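Here is how the chains run, residue by residue.
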Amino acid sequence: LTPRRSTSSNLDSEVMRPIRVLVSKPGLDGRDRVAKVVAAALRDAGMEVIYTGLQQTPEMIATAAVQEDVDVVGLSILSGAHMTLFPRVRELMAEQGRDDILITGGGIIPKEDMAELQRLGIGQLFGPGTPTSALIDYIRAWFAERERQEAGVVCSGHCARKFESSKRSSKR
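Per-chain numbering applies: the sequence of each chain, read as written, is numbered from 1 onward. Confidence filtering applies because this is a predicted model: local features only for residues at pLDDT of at least 70, side-chain atom pairs given and counted only at 80 or more, and all residues used for totals across whole chains, interfaces and linings. Computation of side-chain values: all heavy atoms of the structure, hydrogens and water removed.

Engineer: So what exactly am I meant to see when it comes to the pattern of salt bridges here?
Structural biologist: Charged atoms that come close allow side chains of opposite charge to pair. By salt bridge we mean one thing: a side-chain nitrogen of Lys or Arg within 4 Å of a carboxyl oxygen of Asp or Glu. Per the counting criterion, the structure on display carries 16 salt bridges. Note that Asp-29 is salt-bridged to Arg-31, the shortest N-O span being 3.1 Å. Partly exposed residues are those whose accessible area sits between 20% and 50% of the maximum for their type, while under 20% is buried and over 50% is exposed, using a 1.4 Å probe and protein chains only. By relative accessible area, which is 5% here, Asp-29 ends up buried. Note that Asp-100 and Arg-98 form a salt bridge whose closest N and O atoms lie 2.8 Å from each other. The network of salt bridges with shared partners includes Arg-17, Asp-71, Arg-146, Glu-147 and Glu-150.

Put into structure tokens, the structure is as follows:
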């Protein structure tokens, strides 16, 4: 597994790894131009992108996400099967112990369905005409928040005491 971050001996100096994103086209939809544009924009924004291609099953997507140790799965769905595909991918990843992966995406999805999918644990969804910068900003903000939360959990015990101890000794 790829480490979440690498730290130097100075606790304040952390080097963040790139965000890993899997972009996929589930179902029988045969159009992937937008998915390729999104994948290129994410790559250009400094993210590591794995593009699985067309006609992927939820099982194929979940397996690839776990094997590639991604942070984010982006699904592009134009077929109208979003209420089945998004929850199924989420369910399969949770079964493999990876409910920490953000599932986001877009396509032709009515606003009421977007709200219901978000209620089910799917991340923000994007409709036609959304600038790729909105998706990039959303993923970066989600990732930064997750990293802060993980750092809080990781540093809640021994690490936090060590940090406080080092602060006290530096004041002497």
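Read on, since the account is not over.
Engineer: What is the right way to read the environment of Glu-95 from this model?
Structural biologist: By definition, any uninterrupted DSSP run of H or I lasting at least four residues is a helix, any uninterrupted run of E lasting at least two residues is a strand, and each is numbered from the N terminus. Within the fold, Glu-95 resides in helix α3 (residues 82-95). Glu-95 sits 33 residues away from Ala-62 along the chain, and the two C-alpha atoms are 9.6 Å apart.

Engineer: So what exactly am I meant to see when it comes to the sheet that holds strand β7 (residues 125-126) here?
Structural biologist: Each strand in a sheet pairs with another by means of backbone hydrogen bonds, the pair being arranged parallel or else antiparallel. Criterion used throughout: strands pair if DSSP finds at least two bridges between them. One open sheet accounts for 5 strands, arranged β4-β3-β5-β6-β7; its pairing is parallel. The open sheet has two edge strands with one neighbour each: β4 (48-51) and β7. In terms of strand pairing, strand β3 (residues 20-24) meets β4 through 4 bridges, oriented parallel. In the sheet register, Leu-22 faces β4, and the bridge partner there is Ile-50. Should any heavy atoms of two residues lie within 4.5 Å, those residues are considered in contact. Helix axes use the C-alpha atoms of the stretch in contact, all axes being lines fitted to C-alpha atoms, and the angles between their N-to-C directions lie in the range 0 to 180 degrees. Sitting on the sheet, α3 is in contact with β5 (72-77), β6 (102-107) and β7, with an inclination near 165° to β6.

Engineer: What exactly am I supposed to notice about the packing of α3 against helix α4 (residues 111-119) here?
Structural biologist: Helices that pack against each other are described as a pair by the angle of their axes relative to one another and the distance between those axes. The geometry of α3 relative to α4 is characterised by a closest axis approach of 11 Å and an angle of 15° between their N-to-C directions. With respect to each other, α3 and α4 are oriented roughly parallel. The element α3 and its partner α4 pack so that their crossing is right-handed. Packed against α3, whose contacting residues are His-82, Met-83, Phe-86 and Pro-87, the element α4 presents Asp-113, Glu-116 and Leu-117 at the interface. For this classification, under 35 degrees means roughly parallel, over 145 means roughly antiparallel, 65 to 115 means roughly perpendicular, and everything else is oblique. Definitions for this section: a left-handed crossing has its near helix turned counterclockwise from the far helix by less than a right angle. A right-handed crossing has that turn clockwise.

Engineer: Please clarify how helix α1 (residues 33-44) should be interpreted in this entry.
Structural biologist: Spacing of three or four residues puts side chains on the same side of an α-helix, whose turn is 3.6 residues. Over its 12 residues, α1 runs 17 Å from end to end, which matches the ideal 16 Å to within 8%, given 1.5 Å per residue. Taken residue by residue, α1 has Ala-35, Val-38, Ala-39, Ala-41 and Leu-42 as its buried positions. Down the axis of α1, the sector holding all buried residues measures 165°, keeping them to one side. Along α1, exposed side chains directed more than 90 degrees from the buried face belong to Arg-33 and Asp-44. Given the number of residues in a helix, its expected span is that number minus one, multiplied by 1.5 Å. Our arc is simply the arc of the directions from the helix axis toward the C-beta atoms.

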